[in-house]
Amino acid sequence: MICSQAQCLLVLKSISHSRREDRQKGAEDMRLIEREPRGVMMPGNDLVAAGFAGREGARLIARAREEELLGWFSRDYIRRIQEEDCFTMDHKSPPWRKYGALEWEEVSEGGILTALWNLSGAYMLGFEIHLHQIPVKQETIEVCERYDLNPYRLYSKNCVIAAAENGGHLVRRLCEAGIPSAVIGMVSQGIRREIRYSQVRGYLERPREDELYKILAKEFPLTAT
């Protein structure tokens, strides 16, 4: 499921800054992020999102706020949100390279945008992604609308960002393995972390506290999930 035009534009405004601000912030924000490399990532590589952004965060909210959510959704619909994914991924597993991934980053606290920030920072490279291409379930979007949350900064599990020479090939292999995925953009030379929706573009801001903490800071601290 892809968010609506209005939803995407609102999210884009909330997560990015302008081109002028980018010139001022870019060099300051692009600092090397220390992490153990799993492979290599280069300009021109495709970026692929495997799994659904914010899915686990929405599931945890539905578990903790079931009675409250009944004011908007049916119990059957809430039960569907509470279900575990029907697929599993291990970001340390060798099949990622076999599928065609050159490098990959697990999505967890801070959501898919934090994973993109960390992966690009590890290689001191920029990227250009298309917000509407990121896989998000409709249930996640609706839960986020009720609590005014950003699904792209919401806690995720069973979700990975991967770089590949041929993103389409990687997506096909992942789909054959039962893992939903999509090409969402490309690695670029330089320091710009660019996010686009149609003709509108912005530049990704630094990671923020996970959106889940706004709702479940006491019930479900992320370190315990």
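Sequence order sets the numbering: in each chain, residues are counted from 1 along the sequence as written. Thresholds applied to this predicted model are a pLDDT of at least 70 for local features of residues and 80 or more for the giving and counting of side-chain atom pairs; totals over whole chains, interfaces and linings are not thresholded and use all residues. Just so you know, side-chain values use all the structure's heavy atoms and leave hydrogens and water out.

**Here we look at the overall build of the protein chain**
Thought 1: Helix numbers and strand numbers start at the N terminus; a helix is a DSSP run of H or I with at least 4 residues, a strand a run of E with at least 2. Counting its secondary structure elements, the protein chain contains ten helices and eight strands.
Thought 2: The cut-offs for exposure are 20% and 50% of the maximum accessible area for each residue type, with area from a 1.4 Å probe on protein chains only; residues under the lower value are buried, those over the upper are exposed, and the others partly exposed. Put simply, the protein chain has 225 residues, and 52% of those count as buried.
Thought 3: Every residue pair with non-hydrogen atoms within 4.5 Å of one another is taken to be in contact. In the protein chain, the share of contacts with a sequence separation of at least 24, taken over all contacts with a separation of at least 6, comes to 85%.
Thought 4: Reported accessibility uses the Shrake-Rupley method at a 1.4 Å probe radius. Residues are deemed covered only where the shown protein chains occlude them. For the protein chain, the accessible area works out to roughly 10,800 Å², and carbon and sulfur atoms hold 49% of it.

**What to know about helix α7 (residues 111–123)**
Thought 1: Across the 13 residues that make up α7, a large majority, eleven, are buried.
Thought 2: Those residues of α7 lying buried are G111, I112, L113, T114, A115, L116, W117, L119, S120, G121 and A122.

**Focus on the packing of helix α3 (residues 55–64) against helix α8 (residues 138–147)**
Thought 1: Running from N to C, α3 and α8 cross one another at 60 degrees; their axes reach a closest spacing of 9 Å. It follows that α3 is oblique to α8 by the angle criterion. As for the relative orientation of α3 and α8, their crossing is left-handed in sense. Judged by residue contacts, R55, A58 and I61 of α3 engage T140, V143 and Y147 from α8.
Thought 2: Broken down by class, the residue content of the contact of α3 with α8 amounts to four nonpolar, one polar and one charged. Convention adopted: a line fitted to C-alpha atoms gives each axis, helices being fitted over their contacting stretch, and angles between N-to-C directions are expressed from 0 to 180 degrees. Roughly parallel means an angle under 35 degrees; roughly antiparallel means over 145; roughly perpendicular covers 65 to 115; every other angle is labelled oblique. Two helices crossing with the near one rotated counterclockwise from the far one by less than a right angle form a left-handed crossing, whereas a clockwise rotation gives a right-handed crossing. Asp, Glu, Lys and Arg are counted as charged, while Ala, Val, Leu, Ile, Met, Phe, Trp, Tyr, Cys and Pro are counted as nonpolar; the rest, among them Gly, fall into the polar class.

**Observations regarding the pattern of salt bridges**
Thought 1: Any carboxyl oxygen of Asp or Glu within 4 Å of a side-chain nitrogen of Lys or Arg constitutes a salt bridge here. Per the stated rule, a full pass over the model turns up 15 salt bridges.
Thought 2: For the salt bridge of E103 with R35, the shortest nitrogen-to-oxygen distance reads 3.0 Å. Separated by 68 residues along the polypeptide, E103 in strand β3 (residues 101–106) and R35 in the loop between α2 (19–29) and β2 (46–50) bring together distant segments of the chain.
Thought 3: In this structure, R59 and E84 form a salt bridge, with 3.4 Å as the shortest nitrogen-oxygen distance. Taken as a pair, R59 in helix α3 and E84 in the loop between α5 (75–82) and α6 (95–99) lie far apart in primary sequence, 25 residues in all.
Thought 4: In this structure, a network of salt bridges that share partners links the residues E56, R59, E84 and K157.

**Focus on the side chain of D46**
Thought 1: Its location among the elements puts D46 in strand β2.
Thought 2: Here D46 is buried and forms no salt bridge, its nearest opposite-charge partner R172 lying at an N-O distance of 9.5 Å.
Thought 3: For this analysis, a polar contact is any N or O atom pair within 3.5 Å, provided that within protein one partner can donate a hydrogen and the other can accept it, and provided that sequence-adjacent residues contribute only side-chain to side-chain pairs. A distance of 2.7 Å separates a polar side-chain atom of D46 from the backbone nitrogen of G167.
Thought 4: Among all residues touching D46, those that are not within four sequence positions of it are A162, A163, A164, E165, N166, G167, G168, V183, G185 and M186. His is not counted here, nor are the chain ends, while Lys and Arg score as positive and Asp and Glu score as negative.

**Some points on the environment of P37**
Thought 1: Structurally, P37 can be placed in the loop between α2 and β2.
Thought 2: Between the alpha carbons of P37 and W104 there is a distance of 8.9 Å; along the sequence they are 67 residues apart.
Thought 3: Not counting residues up to four positions away in its chain, the partners in contact with P37 are E103 and Y123.

**Some remarks on α3**
Thought 1: The element α3 is largely enclosed, with a buried count of eight among its ten residues.
Thought 2: Looking only at α3, the buried set comprises R55, E56, G57, A58, R59, L60, I61 and A62.

**Thoughts on the nonpolar core**
Thought 1: Grouped together as the largest cluster of nonpolar side chains are 26 residues, with contacts concentrated most on L47, I112, I134 and I161.
Thought 2: The dominant element in this core, judged by the number of residues it contributes, is α7, at six residues.
Thought 3: Leaving out residues up to four positions away in the same chain, I112 has contacts with A49, A53, V107, I134, Y152, C159 and I161.
Thought 4: Only buried residues count toward a nonpolar core, which is a set of Ala, Val, Leu, Ile, Met, Phe, Trp, Tyr and Cys residues joined through side-chain atoms within 4.5 Å. Counting residues in each nonpolar core, the second largest holds 18 residues, with L149, L154, L212 and L216 among its members.

**Things to note about the pairing of β2**
Thought 1: Within β2, five of the five residues are buried, which leaves the element mostly enclosed by the surrounding structure.
Thought 2: Think of it this way: DSSP has to see at least two bridges between two strands before they count as a pair. For β2 and strand β5 (residues 160–164), the ladder comprises five bridges, and the chain directions are antiparallel. Its bridge partner being in β5, A49 is matched across the sheet by I161.
Thought 3: The pairing of β2 with strand β6 (residues 181–188) spans five bridges and is classified as antiparallel. Counted as the bridge partner of D46 is M186 from β6.

**So, the packing of aromatic side chains**
Thought 1: Stacked, tilted and edge-to-face pairs are distinguished by plane angle, under 30 degrees for stacked and over 60 for edge-to-face with tilted covering the rest, among Phe, Tyr and Trp rings (Trp via its six-membered ring) whose centres lie within 6.5 Å. Within the structure shown, the criterion is met by four aromatic pairs.
Thought 2: Where W72 meets Y147, the ring centres are 6.1 Å apart and the plane angle is 85 degrees; that geometry is what we call edge-to-face. In this pair, W72 is assigned in the loop between α4 (66–69) and α5 and Y147 in helix α8, connecting sequence segments 75 residues apart.
Thought 3: Placement of a positive charge over a ring is assigned whenever Lys NZ or Arg CZ falls within 6 Å of the ring centre and within 35 degrees of the normal to the ring plane. R193 extends its terminal NZ or CZ atom over the ring of W117, reaching a point 3.6 Å from the ring centre.

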